Amino acid sequence: METNLKIYLVSSTDSSEFTHLKWSFTRSTIIALDAEWKPQHSNTSSFPTVTLLQVACRLSHATDVSDVFLIDLSSIHLPSVWELLNDMFVSPDVLKLGFRFKQDLVYLSSTFTQHGCEGGFQEVKQYLDITSIYNYLQHKRFGRKAPKDIKSLAAICKEMLDISLSKELQCSDWSYRPLTEEQKLYAATDAHCLLQIFDVFEAHLVEGITVQDLRVINVGLQEILTESDYSSKIVTVKLCKATDVIRSMSENGQNIANGVVPRKTTLNTMPMDENLLKIVRKFGERILLKESDLLPKKLKKKTRRRVASSTMNTNKQLVCSADWQGPPPWDSSLGGDGCPKFLLDVMVEGLAKHLRCVGIDAAIPHSKKPDSRELLDQAFKENRVLLTRDTKLLRHQDLAKHQIYRVKSLLKNEQLLEVIETFQLKISGNQLMSRCTKCNGKFIQKPLSIEEAIEAAKGFQRIPNCLFNKNLEFWQCMNCHQLYWEVSHLPHLLPLCIIVLERVYLVSKNHLVHLC
C-alpha cells in the first residue's frame, strides 16, 4: 500500500516546496489535477478566481510514491509559475488526469490573465478524463455503455475504490487564509484519488497481468486516509479493497497497439514507459479552449456573432495547418516499406475507387460508423495517412502527427490529382488497374482466359455473352474474387486515367488504352 504520500503547500517561488515541485515535474509521467475556488452564490459577469491548484505527481522511478502539491494561487506570484504550469500542461511526456477539468482550466486561464499572464492557458495535451476511464471500464465489465448522465467523482470513487469521499468542504471558503488542515487533506485527496482510479484502469489494460500481480498494486488511499486525524470528518472507509474490483474485471484485458508521442517541451521530463505510451495513444485527449469558452455566460449572448466569426477563424487556422509536412508513415526513414497507403473516411470515401484505379492502396474504415479514435487507431496500426475533409479530425494532430491530411478539392478527379501531387506519388503504367476497385485487393498475376473466367464466375458473377467471341483477358481479385476484363468493362475510367497520366507526365494516351 502507498504509505509515502506527502502533501506540500507551495505559497512562494523561493520556498523549498516550490523547488521540489519543479523537480517533481521533471520526474513524473502521470500528474493528476484539480482546482478550488470560492463559490459564487449570485449571477456575475466574471469567472470565479481560482485560489488553489492541486497537483498530484506520480514519480516515474517509484510507483509507490506520490507527492501532492497544493499551489496557493492567492499567495504565490502567478507570472512566476505560469510558464512552468503551461509547459506541464502541453508536455507530451506527461499524462494529465482530471475530472471534467475543462471548466477548471477556463477558471485558471481567467485567473492568470487577470494577473498579467497574457493568454492564460489555452490547452492541455495528453489528457485523460476520469469519466472516460469509468465509462470504458463499465462497458468492458457489463458489456453496455454507461448512462449519459455524468456521475460525480465521489460516486466513481465509491464504485471503483470502495471509498466514500465527503464533499462537505467543497463549498467552503477557499479564499480564506490560512487553510485549515481539513481543507488541505480534502484538496490533496481529491487529486490523489485520480491516480488511484487510473491504477485500476491501467491494471485492466496492461497485457499479461495476473491475479498475483494484482495483490501488489498500489491502492493505498484507504490507509492514508485511515491514519489521518481528520479522516472521520472527510471519508468513510469500507473493508473491500480496490484490488477486488481489478480482479473482477481482469478477464476482459485487451491488446493495445504501440505508440510514439513526439517530445516538444521546455521541461526536461522523463519519457513515458511503453505501457503508458499505449494508453496515451489509444485514450489520450486534448483540451483546447475556444474564445467562446473564455466568456462568462452573461457575455456569451451579447457576443454571439463575434464568437461565431472567431470560431470560423479557428477552423480556418486548422485548415491552414493541415498542409502536409514531414515524411509519410510509409517512408523508409521511419521504417516504412515505401508503399503509399491511405485510409479514407466517409467524407472522401468515393476517392478510394479512384486511387485504386491507379494502383494506390486505399482502404476504408473497418466499421460503418467509426469515431475519431477508431479512425486514428486504424491509420496508426496500418501505417496509413488518414484522408478526410472533416476539420474536427485535425484537432487530433498532436496525437497523430504525419497521419492526417485534409483534402481541399471537392471533385473526385481533382481530389485524386491533389493527393498524387501532395504526396509526390509516382504512378507507373503497370500500376493502372492493378487493384480491385471494390475491396482494394490485388489481382492475380496471370490473366484468365474466357473459359477460366466463366468457370471462376459460376454462381458468383455474370459475364456478358457478347464477350465470348472476343479475345479478351480477365483478371480476378485475390481477395473478393471479383472478375475484371479490358477497357470495355470500365470505359468510364478512361478519362480519369488519361487525366492522371497527362498530369504526371508518365505515358501517352495510346499506351493507356493498350494498358486498360
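The structure presented is a predicted model; accordingly, all values stated were derived computationally and were not measured. Position numbers for residues count from 1 along each chain, tracking the sequence in the order it is written. Local features in a predicted model are, by the rule used here, given only for residues with pLDDT of at least 70; side-chain atom pairs are given and counted only at 80 or more, and totals for whole chains, interfaces and linings are based on all residues. Side-chain figures throughout are based on the complete set of non-hydrogen atoms in the structure, without hydrogens or water.

## Here we look at the sheet that holds strand β10 (residues 341-344)
At step 1: An order of β11-β10-β12-β13 is seen for the four strands of this open sheet, with the pairing classed as parallel. Two strands bound the open sheet, and with one partner strand each, they are β11 (361-363) and β13 (404-406). This sheet shows a mean twist of 30 degrees between the axes of neighbouring strands, independent of strand direction.
At step 2: Sheet analysis places β10 next to β11, joined by three bridges and oriented parallel. Its bridge partner being in β11, F342 is matched across the sheet by A362. DSSP-based pairing: two strands are paired if at least 2 bridges between them are found. We count a stretch as a helix when DSSP gives it H or I for four or more residues in a row; a strand needs E for two or more, and each element gets its number in order from the N terminus. Between N-to-C directions, angles cover 0 to 180 degrees, with each direction set by a line fitted to C-alpha atoms, over the stretch in contact for helices.

## A few points about the nonpolar core
At step 1: Only buried Ala, Val, Leu, Ile, Met, Phe, Trp, Tyr and Cys residues count toward a nonpolar core, and they belong to the same one when joined by side-chain atoms within 4.5 Å. With a 1.4 Å probe rolled over the protein chains alone, any residue whose accessible area is under 20% of its type maximum counts as buried; one over 50% counts as exposed, and the rest are partly exposed. L97, L128, I133, F198 and F201 are the most contacted members of the largest nonpolar core, which has 43 residues in total.
At step 2: In terms of residue count, helix α6 (residues 181-205) provides more of this core than any other element does, 12 residues in total.
At step 3: Note on contacts: a residue pair is in contact if any heavy atoms of the two residues lie within 4.5 Å. Setting aside residues up to four positions removed in sequence, L128 forms contacts with L95, K96, L97, G98, I133, F198, F201, I279, F283 and E285.
At step 4: The next biggest cluster of nonpolar side chains, apart from the first, holds 38 residues, and it includes L73, L85, F121 and V124.

## Side note on α6
At step 1: With 25 residues, α6 should reach 36 Å at 1.5 Å per residue; the first-to-last C-alpha distance of 37 Å fits that figure.
At step 2: Consider a residue and the seven residues that end there alongside the seven that start there; fitting an axis to each set, the bend is the angle between those axes. The sharpest bend along α6 measures roughly 25 degrees and falls at D190.
At step 3: Of all 25 residues that make up α6, 24 are buried, and the element is covered over most of its length. Helix span, expected: 1.5 Å multiplied by one less than the number of residues in the helix.

## Considering the packing of aromatic side chains
At step 1: Between rings of Phe, Tyr and Trp, where Trp is taken as its six-membered ring, a pair exists when centres lie within 6.5 Å; planes separated by under 30 degrees are stacked, by over 60 edge-to-face, and by other angles tilted. This structure, assessed with the given rule, holds 17 aromatic pairs.
At step 2: The interplanar angle of 40 degrees and the centroid separation of 5.5 Å between the aromatic rings of F47 and Y107 together place this pair among those described as tilted. A residue pair is termed long-range when its members are at least 10 positions apart, and F47 in the loop between β2 (28-37) and β3 (50-59) and Y107 in helix α3 (residues 101-114) qualify at 60 residues.
At step 3: Judged by its relative accessible area of 15%, F47 falls in the buried class.
At step 4: Y107 gets classed as buried once you look at its relative accessible area, which sits at 12%.
At step 5: Measuring from ring centre to ring centre gives 5.2 Å for F201 and F283, while their planes differ by 80 degrees; the resulting arrangement is edge-to-face. Of this pair, F201 sits in helix α6 while F283 sits in helix α11 (residues 274-283), placing them 82 residues apart in sequence.
At step 6: Under the relative-accessibility criterion, F201 is labelled buried at 1%.
At step 7: One aromatic cluster is present, built from ring pairs that chain together W82, F89, F101, F112 and F121.

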